[in-house]
Amino acid sequence: MSKRIFPITTDKKQCITFIYFPTNHHSMETDFFESVYQGEPPWDIGRPQQAYMQLEQAGEIVGSVLDVGCGTGENAMYLAEHGHEAWGIDFIPAAIQKAREKAAQRHLTATFRVLNVLALHTLGRTFDTVIDSGLFHTLSDEERPLFVDNLGTVLNRGGVYFMLCVSEAEPGDYGPRRVTQAEIRESFKEGWRINYIRPATLEGRLRPSGAHGWLSSISKE
Ligand SMILES: C[S@@+](CC[C@H](N)C(=O)[O-])C[C@H]1O[C@@H](n2cnc3c(N)ncnc32)[C@H](O)[C@@H]1O
């Protein structure tokens, strides 16, 4: 049997308490991410994802940017380097601490906060663009609509959410939950316009070729 670096989470009923009281309760999921950030997470490639560099170079990323589930901040910092006002949030303090240290070492201005994506509404501001590299595919069925509602509170009308997730084309069961195009369309069927869902690669440290994924561009109506 293949070893999983993190669980495929179709049933996360044990996380319900956490979902509704995100700042006071620990879930198995936070325990998992906390322990992974004690070492070198397999998704942390020490540079931005190619998919996000290409989006920036194509001029698709505009204005202020929020990176949800930013980890140690490589994608947000890349966009800060390219002139965007960049923020990153993640619910793991060790990840945010590392992001802040890297930004300081690189003399970059980027804002990193510890925050659960299910409490984005508490951020108190909006952005032109939101990026997601590997966050959506960690959410359970119950969390997805809560996340989408929260996402709507931090995106300006007409703003775009870019999402990079592992797709059902990825063989085996190693790694995160696979997300289908139909699931993406279902999650964003009301109040959102799907501009495209394209095959893409999620790069990782363990496999140079990366994982099969979807890159989605979704506008808030
Ligand atoms: C696969 S990692 C990707 C990290 C980063 N985006 C990158 O590309 O290196 C998923 C990230 O989402 C964060 N995360 C998962 N669930 C979250 C939640 N409910 N709120 C905030 N961050 C969350 C994890 O702590 C982790 O850093």
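Each value, and the rule that gives it
- Residues numbered from 1 in each chain as written.
- Predicted model: local features only at pLDDT ≥ 70, side-chain atom pairs only at ≥ 80, totals over all residues.
- Helix = DSSP H or I, 4+ residues; strand = E, 2+ residues; numbered from the N terminus.
- Buried ≥ 20, exposed ≤ 12 C-beta atoms within 10 Å, placed from the backbone.
- Contact = placed C-beta atoms within 7 Å.
- Near = placed C-beta within 6 Å.
- Nonpolar A, V, L, I, M, F, W, Y, C, P; charged D, E, K, R; others polar.
- Pairing = 2+ DSSP bridges.
- Axes fitted to C-alpha atoms, helices over the stretch in contact; angles between N-to-C directions.
- Core = buried A, V, L, I, M, F, W, Y, C linked by C-beta atoms within 7 Å.
- Right-handed = clockwise from strand over helix to strand, strands pointing away.
- pLDDT = per-residue confidence, 0-100.
- Expected span 1.5 Å × (residues − 1).
- Arc of directions from axis to C-beta.

**Observations concerning the overall build of the chain**
Counting its regular elements, the chain contains seven helices and seven strands. In the chain, buried positions account for 41% of the 221 residues. Looking at the chain alone, contacts between residues at least 24 apart form 71% of all its contacts between residues at least 6 apart.

**Describing the site of the ligand**
In the vicinity of the ligand there are 18 residues, among which Gly 69, Gly 71, Phe 91, Ser 133 and Gly 134 approach most closely. Partitioning the shell around the ligand into residue classes produces nine nonpolar, seven polar and two charged.

**Some remarks on the sheet that holds strand S6 (residues 192-202)**
Across the sheet, seven strands lie side by side as S3-S2-S1-S4-S5-S7-S6; this open sheet has mixed pairing. The open sheet terminates on both sides in strands that have one partner only, identified here as strand S3 (111-114) and S6. Direction aside, neighbouring strands of the sheet carry axes that sit 15° apart on average. Pairing geometry for strand S5 (residues 155-166) and strand S7 (residues 211-220), over seven bridges, is antiparallel. The partner of Leu 164 across the bridge, within S7, is Leu 215.

**Considerations on the pairing of S7**
Pairing of S6 with S7, which is carried by ten bridges, proceeds in the antiparallel orientation. Looking across to S7, one finds that Trp 192 is bridged to Lys 220.

**Looking at the nonpolar core**
In a soluble, globular protein the nonpolar side chains are often hidden away together inside. Val 65, Ala 76, Val 130 and Tyr 161 are the most contacted members of the largest nonpolar core, which has 55 residues in total. Looking at which element gives the most residues to this core, the answer is S5, with eight residues. With sequence-adjacent residues up to four places away left out, Val 65 is seen in contact with Ala 76, Leu 79, His 84, Ala 86, Phe 127, Thr 129 and Ile 131.

**Description of the pairing of S5**
With nine of twelve residues buried, S5 is to be regarded as a mostly interior element. Relative to S5, strand S4 (residues 127-133) runs parallel, the two being bridged by six bridges. Within S5, the residue paired with Phe 127 across the bridge is Leu 155. Taking the sense of rotation as the criterion, the β-α-β connection linking S4, helix H6 (residues 143-154) and S5 turns out right-handed.

**What to know about unusual backbone geometry**
Excluding glycine, residues mostly have negative phi values, and the peptide bonds linking residues are mostly trans. A positive phi angle is found at His 107, which is not glycine, with a value near 55°. Relative to the helices and strands, His 107 is located in the loop between helix H5 (93-105) and S3. According to the C-beta neighbour criterion, His 107 is exposed, with 6 such atoms within 10 Å.

**Some thoughts on the confidence of the model for the chain**
With 88% of its residues at a pLDDT of at least 70, the chain reaches an overall mean of 90. Of the regions scoring below 50 in pLDDT, residues 1-25 engages in 33 contacts with residues more than four places distant in sequence or in other chains.

**Section: H5**
The α-helix advances 3.6 residues per turn, and as a result positions three or four apart in sequence lie on the same side. In a regular helix each residue adds 1.5 Å, so 13 residues correspond to 18 Å; H5 covers 18 Å between its end C-alpha atoms and thus fits that length. Of all the residues in H5, the buried ones are Ala 95, Ile 96, Ala 99 and Ala 103. One side of H5 carries all its buried residues, which in axial view fall inside an arc of 95°. When the buried face of H5 is taken as reference, the exposed residues oriented beyond 90 degrees from it are Pro 93, Ala 104 and Gln 105. Elements in contact with the buried residues of H5: helix H4 (74-81), strand S2 (86-90) and S3. Phi turns positive, to about 55°, at His 107, one or two residues after H5.

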